[in-house]
Amino acid sequence: MSINGVSPMSMSTTINDESHPASTTENNCSSNSTSSSLATTRRTGIIRIPDEGESSGAPFLPISSFLIPPQYQDAVSHVLIPHGLIQDRIHKLAFDINQEYADKTLHLLCVLKGGSSFFWELQSALINLSSHRRTNTAKFQFSFDFVRVKSYEGTESTGTVQITGTDMKNLKGRHLLLVEDLIDSGLTMSQLVPHITKNAEPESIRVAALMEKRTHRSCGFKADYVAFDIPDLFVVGYSLDYNEAFRDMLHICVINEHGIGKFKSNP
């Protein structure tokens, strides 16, 4: 996994009209499609953060422009996604989910621990949409549960997924939405979705991801709802960790080599 220094980047919005549910493009990654009465999901409004060298100009979002906890200021190279932009994109995802699951009860399944900040922001936005009804919001209700999935050791995905948490019997016949922080190689979701489908027999199952990473390690898994499309960098903050460090940082940043050494044996 590449660890870059400050890179000259700028943000751009890519509107994707891929009319398919969460899916895969390669044989080593399982699809999560299940038959249901839901309309086809459209992956729209994804903000694409360019790779290093795609754009010119000043270094992208220097840490000196943001409030970074002092213990992390020398451990990250730059801010990739500021907290305010994260919030705005999650509010739009909440609206899209509200529209698609109109007149249905949705069961959110938060993938701990990395997905926790994304999950709480998303469920808060969904509550606000329901509480402050607008003419263009749908009648909508949801419940939620948690599952713990482990696939990382340090900075690398192990390819082996360990799943613990919710009782699968309680998920039978429900419309499920898995809430995940980051789709990296896609191996976690490609194993988690079939596991839940086989053992819980839900009415439908889809995935909402805060970020999808552009990486050669990808098995091709694509989520249904995505806020950001990011380069192949090791990102931390907003509940994403490196050996349990950085979870308490609001912004999503790129860890640097010093940060990797500093928190390599973090307790």
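Look a little higher up for the structure.
The following paragraphs examine the structure supplied in this document. None of these values were measured; they are calculated from a predicted model.

### Considering the packing of helix H1 (residues 83-100) against helix H2 (residues 116-131)
- The N-to-C vectors of H1 and H2 enclose an angle of 55 degrees; their axes lie 9 Å apart at closest approach. Comparing the axis directions of H1 and H2 gives the class oblique. As for the relative orientation of H1 and H2, their crossing is right-handed in sense. Contact residues: His83, Gln87, Ile90, His91, Leu93, Ala94, Phe95, Ile97 and Asn98 in H1; Phe118, Glu121, Leu122, Ala125, Leu126 and Leu129 in H2.
- A class-by-class count of the residues in the contact of H1 with H2 yields 10 nonpolar, four polar and one charged.

### Quick look at H1
- Taking 1.5 Å of rise per residue, 18 residues should cover 26 Å, and H1 covers 26 Å from first to last C-alpha, within 8% of that figure.
- Looking only at H1, the buried set comprises His83, Ile86, Arg89, Ile90, Leu93, Ala94, Asp96, Ile97, Asn98 and Glu100.

### With respect to the sheet that holds strand S12 (residues 235-236)
- Reading across the sheet, the three strands line up as S5-S13-S12 and stay open at both edges, with antiparallel pairing between neighbours. Across the chains shown, the open sheet's two edge strands, defined by having one partner strand only, are strand S5 (76-81) and S12.
- With two bridges connecting them, S12 and strand S13 (residues 252-255) associate as antiparallel partners. In the sheet register, Val236 faces S13, and the bridge partner there is Cys253.

### Some thoughts on the pairing of strand S10 (residues 204-213)
- S10 sits mainly inside the fold: 10 of its 10 residues count as buried.
- Alignment of strand S9 (residues 175-183) against S10, held across eight bridges, turns out to be parallel. Bridge pairing in S10 links Leu177 to Arg206.
- In terms of handedness, the path from S9 via helix H3 (residues 187-200) over to S10 forms a crossover that is right-handed.
- When S10 meets strand S11 (residues 225-230), the two strands line up parallel, connected through five bridges. The residue of S11 that forms the bridge with Met211 is Phe228.

Reading the values: rules and limits
Residues numbered from 1 in each chain as written. Predicted model: local features only at pLDDT ≥ 70, side-chain atom pairs only at ≥ 80, totals over all residues. Heavy atoms only, no water. Axes fitted to C-alpha atoms, helices over the stretch in contact; angles between N-to-C directions. Helix = DSSP H or I, 4+ residues; strand = E, 2+ residues; numbered from the N terminus. Parallel < 35°, antiparallel > 145°, perpendicular 65-115°, else oblique. Left-handed = near helix turned anticlockwise from the far one by under 90°. Contact = heavy atoms within 4.5 Å. Nonpolar A, V, L, I, M, F, W, Y, C, P; charged D, E, K, R; others polar. Expected span 1.5 Å × (residues − 1). Buried < 20%, exposed > 50% of the residue type's maximum accessible area, 1.4 Å probe, protein only. Pairing = 2+ DSSP bridges. Right-handed = clockwise from strand over helix to strand, strands pointing away.

Nothing here speaks to function; it is geometry throughout.
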